[in-house]
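Residue-level structure breakdown
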Amino acid sequence: MDMLKNHLSLLTISITLLCCSTKEESYYETPVDMVPTVISSSGTEIDHQVCGSGDLTLLFVHGWCIDKSYWSYQSDGFCSQYQVVTIDLPGYGQSGRNRDNWSIEQYGKDINNVINLLQLENVVLVGHSMGGDIILETALQNDKVIALVGVDNFKDVGMEFNPQLQEEINGFLEVLQQNYTEVATAYAEGALFHPETDPMVVKRVIDDIQTADSTIAVASLQELFDYTQSEPRKLSKLKQKLYLINSSYSPTDTVALKKTGVEFELLQIQGTGHYPMIEKPGEFNQLLQQVLLKVRQNPGS
């Protein structure tokens, strides 16, 4: 997860502590006429909502410890032009928790099951944070996906997990498991927000992280760290174009991305932390609309 990879020095800080926006709009519940439904993937229910119709289907995948409500501004903005699908990943939100496999590969299968069961076509996958790796895994297995949009992710592709870094990660995961609320809160406060992030957004994110199922949160994070080491290889196999809407608050290593051979385009958003879709939803939606216009002109490229 890039939200962790971009601030790995804070792993040590969090351990030491235990042994330390532009106010565009406030968040709200989805005002559009979303249709809530539940489908099953490998025996686990996936809560999702569908609205709108159009020549493209936008399937939004949230990140670590949050849920589909983080896409409410996008549902409101795009349901009049496209079919929009938002989901709660298994283990989060209103989806089921009756399994033990929280790997990125399994999440990719979940999204593919959603695509196939709902018979979606011309799918543009939009994935925030951890959702970036999930949509990558999905797209490698499904030719109905014509483009990917990462949101504040793939910033440090190819980062070497040397023994020292791996030791820090293992230590962080250990203390996170032992004292989830305190460690997760310290991390979030230190790494995930811009100095101008609306306090309501900060509170919302921290509340959601604190109330997530800690066992699932730690397990999925461990799986994510494992998966990130395969990102260069996975990206090199991606046939669809990858668009990135990333916060400029931390840099995106475009040199490393180019080395993978993936076709990508970076669109940066200023003055946000890790959650640009709720921190500056109006500007975010404008950038996403630019992407969708390009996808319409060159589908599959």
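Residues numbered from 1 in each chain as written. Predicted model: local features only at pLDDT ≥ 70, side-chain atom pairs only at ≥ 80, totals over all residues. Heavy atoms only, no water.

**So, the overall build of the protein chain**
Within the protein chain, the secondary structure is distributed over 13 helices and eight strands. Evaluated residue by residue, the protein chain yields a buried proportion of 58% over its 301 residues. A total of about 11,900 Å² of accessible surface is found on the protein chain, and carbon and sulfur atoms cover 46% of it. (Helix = DSSP H or I, 4+ residues; strand = E, 2+ residues; numbered from the N terminus. Buried < 20%, exposed > 50% of the residue type's maximum accessible area, 1.4 Å probe, protein only. Areas by Shrake-Rupley, 256 points an atom, 1.4 Å probe, with all protein chains shown as cover.)

**A closer look at the packing of aromatic side chains**
Applying the stated criterion to the full structure yields five aromatic pairs. With a centroid separation of 6.1 Å and 40° between ring planes, the pair formed by Phe78 and Tyr82 is classed as tilted. Just as Phe78 is buried, Tyr82 falls in that class too. Members of the aromatic cluster, joined through ring pairs, are Tyr70, Phe193 and Tyr275. Above the ring of Tyr70, the side-chain terminus of Arg204 is found at 4.1 Å from the ring centroid. (Phe/Tyr/Trp six-rings, centres within 6.5 Å; stacked < 30°, edge-to-face > 60°. Lys NZ or Arg CZ within 6 Å of the ring centre and 35° of its normal.)

**What about the packing of helix H6 (residues 163–178) against helix H7 (residues 180–191)?**
Interaxial distance between H6 and H7 falls to 5 Å at its minimum, and their mutual angle equals 125°. Here H6 is positioned oblique relative to H7, judged by the angle of their axes. Along the contact surface, H6 presents Phe172, Val175, Leu176, Gln177 and Gln178, while H7 presents Tyr180, Val183 and Ala184. Considering only residue class, the contact of H6 with H7 consists of six nonpolar, two polar and no charged. (Axes fitted to C-alpha atoms, helices over the stretch in contact; angles between N-to-C directions. Parallel < 35°, antiparallel > 145°, perpendicular 65-115°, else oblique. Contact = heavy atoms within 4.5 Å. Nonpolar A, V, L, I, M, F, W, Y, C, P; charged D, E, K, R; others polar.)

**What to know about the pairing of strand S4 (residues 83–87)**
Consecutive residues of a regular strand have side chains that alternate between opposite faces of the sheet. In terms of burial, S4 is largely enclosed, as four of its five residues are buried. Relative to S4, strand S2 (residues 44–51) runs antiparallel, the two sharing four bridges. Across the sheet, His48 pairs through a bridge with Ile87, a residue of S4. Pairing between strand S3 (residues 57–61) and S4: four bridges, direction parallel. Bridged to Leu59 within S4 is Val85. The parallel pair S3 and S4 is bridged by helix H3 (residues 72–78), and the resulting crossover is right-handed. (Pairing = 2+ DSSP bridges. Right-handed = clockwise from strand over helix to strand, strands pointing away.)

**Looking at the nonpolar core**
One finds Leu59, Val124, Tyr180, Ile209 and Tyr275 to be the most contacted residues of the largest nonpolar core, which totals 94 residues. Sort the elements by how many residues they give to this core and helix H9 (residues 214–228) lands first, with seven residues. Not counting chain neighbours up to four residues away, the residues in contact with Leu59 comprise Val85, Ile87, Ile111, Val114, Ile115, Leu120, Val123, Val124, Leu125 and Val126. (Core = buried A, V, L, I, M, F, W, Y, C linked by side-chain atoms within 4.5 Å.)

**Digging into the pattern of salt bridges**
One pass over the full model with this rule turns up 11 salt bridges. For Arg296, the salt bridge is made with Asp55, and the minimal N-O distance between the two is 3.0 Å. Here Asp55 lies in the loop between S2 and S3 and Arg296 lies in helix H13 (residues 281–297), a separation of 241 residues in the sequence. For Arg296, a relative accessible area of 38% translates into the label partly exposed. Since its relative accessible area comes to 40%, Asp55 is described here as partly exposed. The shortest N-O distance in the salt bridge between Asp213 and Arg97 comes to 3.7 Å. Of this pair, Asp213 sits in the loop between helix H8 (199–211) and H9 while Arg97 sits in the loop between S4 and helix H4 (104–117), and the two are 116 residues apart along the sequence. The exposure class assigned to Asp213 is partly exposed, which follows from its relative accessible area of 24%. By sharing partners, the salt bridges in this structure join Asp47, Lys68 and Asp88 into a single network. (Salt bridge = Lys/Arg side-chain N within 4 Å of Asp/Glu carboxyl O.)

**Regarding the environment of Ala186**
Looking at where Ala186 falls in the secondary structure, it is placed in helix H7. Overall, Ala186 belongs to the buried group, its relative accessible area being 16%. Separated by 20 residues in sequence, Ala186 and Ile206 have C-alpha atoms that sit 9.6 Å apart.

By themselves these figures say nothing about function.
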